[in-house]
Amino acid sequence: MKRFYILILFTVFLISGCSRLPENYPRTPSTAYKNHKSTKIGRLFEKEAAKHPGRSGFKLIPYGQDAFTARIAMTRLAQKSLDLQYYLWKSDRVGLLLANEALKAADRGVKVRILLDDIEQSDRDDIVAAMDAHPNIQIRIFNPFAHRNSHLLDFIGDFDRVNHRMHNKTIVIDNALVIIGGRNIGDHYFSVGEQTNFRDLDIAAAGPVVRQISTVYDHFWNGKWSVPINALTKRTYTQKDLLRTQEMMKQKISKLDFPYPLDQDVKTLRREMIQI
């Protein structure tokens, strides 16, 4: 029996050593959009910021419905840049809708950067890499697992490294407005779950603090832990893959049973923002 367990361990470690992370791959540094005052949302909040030099404004977002409405509104307001950083991005209704809005922003010419922790990306490389094929979208994976379809092997053979995860949850548009907080991207973070939902808290902020948060984002984005998704896939994804993914999203969204009137909520929020 002892010999049997030794054989199993030997086999596991042998398999875990068969896959390695890429070491040499194209990697272009980038930073947050610099001229935030030139954008519509930047000018909107700059009027208030001028009345309080050096200070930032914020608003707590305690309720899930409002939190998701705010994120969708932000993606639709973005003119120059959209930076997203999340620990979890689930492939449920909320995840699908936000991904589709990011694609729509990129279609308008917005530069989109998405940084995802790899803890739950198993079996999703195809969709992520297809989105990355968009000329205005870059996606990087934080501390990726070498075994793309079996994270367990990395936990067994490379625990010290893969146990180092990124828990940041940030969305920034035009380097002028940010939402940070405890919510990942998934139904039960935004009062959409049918059985259970989390209570959580976000903060929307404008002013100098946004540029400070963007500096932190850039640190993660350009750091050695963040690897472009196309360095992790076995093939190069093309515009055909992107179009196929966009069509799949459209079909799924057309059949969604969403629990609240998202488009109407977004319109209401945008009117309130203009009245600031």
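Parameters and conventions
Residues numbered from 1 in each chain as written. Predicted model: local features only at pLDDT ≥ 70, side-chain atom pairs only at ≥ 80, totals over all residues. Heavy atoms only, no water. Helix = DSSP H or I, 4+ residues; strand = E, 2+ residues; numbered from the N terminus. Rg over C-alpha atoms; globule rule 2.2 N^0.38 Å. Contact = heavy atoms within 4.5 Å. Areas by Shrake-Rupley, 256 points an atom, 1.4 Å probe, with all protein chains shown as cover. Lys, Arg positive; Asp, Glu negative; His and termini not counted. Charge placed at Lys NZ, Arg CZ, Asp CG, Glu CD. Expected span 1.5 Å × (residues − 1). Buried < 20%, exposed > 50% of the residue type's maximum accessible area, 1.4 Å probe, protein only. Arc of directions from axis to C-beta. Right-handed = clockwise from strand over helix to strand, strands pointing away. Pairing = 2+ DSSP bridges. Axes fitted to C-alpha atoms, helices over the stretch in contact; angles between N-to-C directions. Parallel < 35°, antiparallel > 145°, perpendicular 65-115°, else oblique. Left-handed = near helix turned anticlockwise from the far one by under 90°. Nonpolar A, V, L, I, M, F, W, Y, C, P; charged D, E, K, R; others polar. Phe/Tyr/Trp six-rings, centres within 6.5 Å; stacked < 30°, edge-to-face > 60°. Core = buried A, V, L, I, M, F, W, Y, C linked by side-chain atoms within 4.5 Å. pLDDT = per-residue confidence, 0-100.

J.: Sorry, what's going on with the overall build of the chain here?
T.: In terms of helices and strands, the chain carries ten helices and eight strands. Computed over its C-alpha atoms, the radius of gyration of the chain comes to 20 Å, within 12% of the 19 Å expected for a compact globule of 276 residues. A fraction of 82% describes how many contacts in the chain between residues 6 or more apart in sequence connect residues 24 or more apart. Summing over all exposed atoms, the chain offers an accessible surface of approximately 15100 Å²; the carbon and sulfur share of this is 56%. Looking at charge distribution, the chain has the averaged site of its 41 positive side-chain charges lying 4 Å from that of its 30 negative ones.

J.: What am I meant to see in helix α8 (residues 208-222) here?
T.: Owing to its 3.6 residues per turn, the α-helix brings residues three or four apart onto one side. The first and last C-alpha atoms of α8 sit 22 Å apart over 15 residues, in line with the 21 Å expected at 1.5 Å per residue. Among the residues of α8, those classed as buried are Val210, Ile213, Ser214, Tyr217, Asp218 and Trp221. Along the axis of α8, the buried residues cluster in a sector spanning 150 degrees; they form a single face. In α8, those exposed residues whose orientation departs by more than 90 degrees from the buried face are Gln212, Thr215 and His219.

J.: Explanation requested: the pairing of strand β2 (residues 81-86) in the structure shown.
T.: Walk down a regular strand and you will see the side chains alternate between the two sheet faces. The element β2 is largely enclosed, with a buried count of six among its six residues. Taking every second residue as pointing to the same face, both faces of β2 are buried, with Ser81, Asp83 and Gln85 on one and Leu82, Leu84 and Tyr86 on the other. On the question of chirality, the crossover connecting β2 to the parallel strand β3 (residues 111-117) by way of helix α4 (residues 93-107) is right-handed. Relative to strand β5 (residues 170-173), β2 runs antiparallel, the two sharing four bridges. Note that in β5 the partner of Leu82 across the bridge is Ile173.

J.: Can you walk me through the packing of helix α3 (residues 64-77) against α4 in this structure?
T.: Two packed helices can be described by the angle between their axes and the distance between those axes. Following both chains from N to C, one finds α3 and α4 inclined at 15 degrees, their axes separated by 9 Å at the closest point. Judged on the interaxial angle alone, α4 and α3 are roughly parallel. Between α3 and α4 the crossing geometry is left-handed. Contacts from Phe68, Ile72, Thr75 and Arg76 in α3 reach Val94, Leu97, Leu98, Glu101 and Ala105 in α4. Class assignment for the residues of the contact of α3 with α4 results in six nonpolar, one polar and two charged.

J.: Is there a simple way to think about the packing of aromatic side chains in this case?
T.: The description of an aromatic ring pair rests on the distance of the ring centres and on the angle between the ring planes. Going through the model one piece at a time under the given rule, you end up with ten aromatic pairs. Judged by centre distance (5.3 Å) and plane angle (55 degrees), the rings of Phe68 and Phe190 are tilted. Here Phe190 lies in the loop between β6 (177-181) and β7 (202-206) and Phe68 lies in helix α3, a separation of 122 residues in the sequence. Ring plane angle 15 degrees and centroid distance 6.2 Å describe the contact between Tyr217 and Trp221, whose orientation is recorded as stacked. Placement of the pair is Tyr217 and Trp221 together in helix α8, with a separation of four residues, close to one helical turn. A single burial state applies to Tyr217 and to Trp221, both of which are buried. An aromatic cluster of three or more residues is present, and its members are Phe68, Phe190, Phe258 and Tyr260.

J.: Before we go on, may I ask you to explain the nonpolar core in this structure?
T.: Nonpolar side chains tend toward joint burial in soluble globular proteins. Of all hydrophobic cores here, the largest spans 61 residues; its most connected members are Phe68, Leu82, Leu84, Trp89, Val112 and Phe190. Broken down by element, the residue count for this core peaks at nine residues, all from α4. In contact with Leu82, not counting residues within four places along its chain, are Thr75, Ala102, Ala105, Val110, Lys111, Val112, Arg113, Ile171, Val172 and Ile173.

J.: Would you mind showing me how to read the confidence of the model for the chain here?
T.: As a general rule, the predicted coordinates of low-pLDDT regions are not to be interpreted in detail. Here the chain averages 91 in pLDDT, and 92% of its residues register 70 or above. Considering only residues more than four positions removed or in separate chains, one finds that residues 7-11, a stretch of pLDDT under 50, has zero contacts.

J.: Whenever I open this one, the side chain of Asp218 confuses me. Can you help?
T.: Relative to the helices and strands, Asp218 is located in helix α8. Relative accessible area serves as the criterion here: at 11%, Asp218 is assigned to the buried category. Here Asp218 is in contact with Ser30, Thr31, Ala32 and Arg113, once residues within four sequence places are set aside.

J.: I tried to follow the packing of helix α5 (residues 125-132) against helix α9 (residues 239-254) on my own but got confused; where do I start?
T.: Two elements in contact, α5 and α9, have axes separated by 8 Å at closest approach and are oriented at 115 degrees. Our classification of the angle between α5 and α9 gives roughly perpendicular. Relative to α9, α5 is oriented so that their crossing is left-handed. Listed contacts from α9 to Ile127, Ala130 and Met131 of α5 are Asp241, Leu242, Thr245, Met248 and Met249. Of the residues that constitute the contact of α5 with α9, the class distribution is six nonpolar, one polar and one charged.

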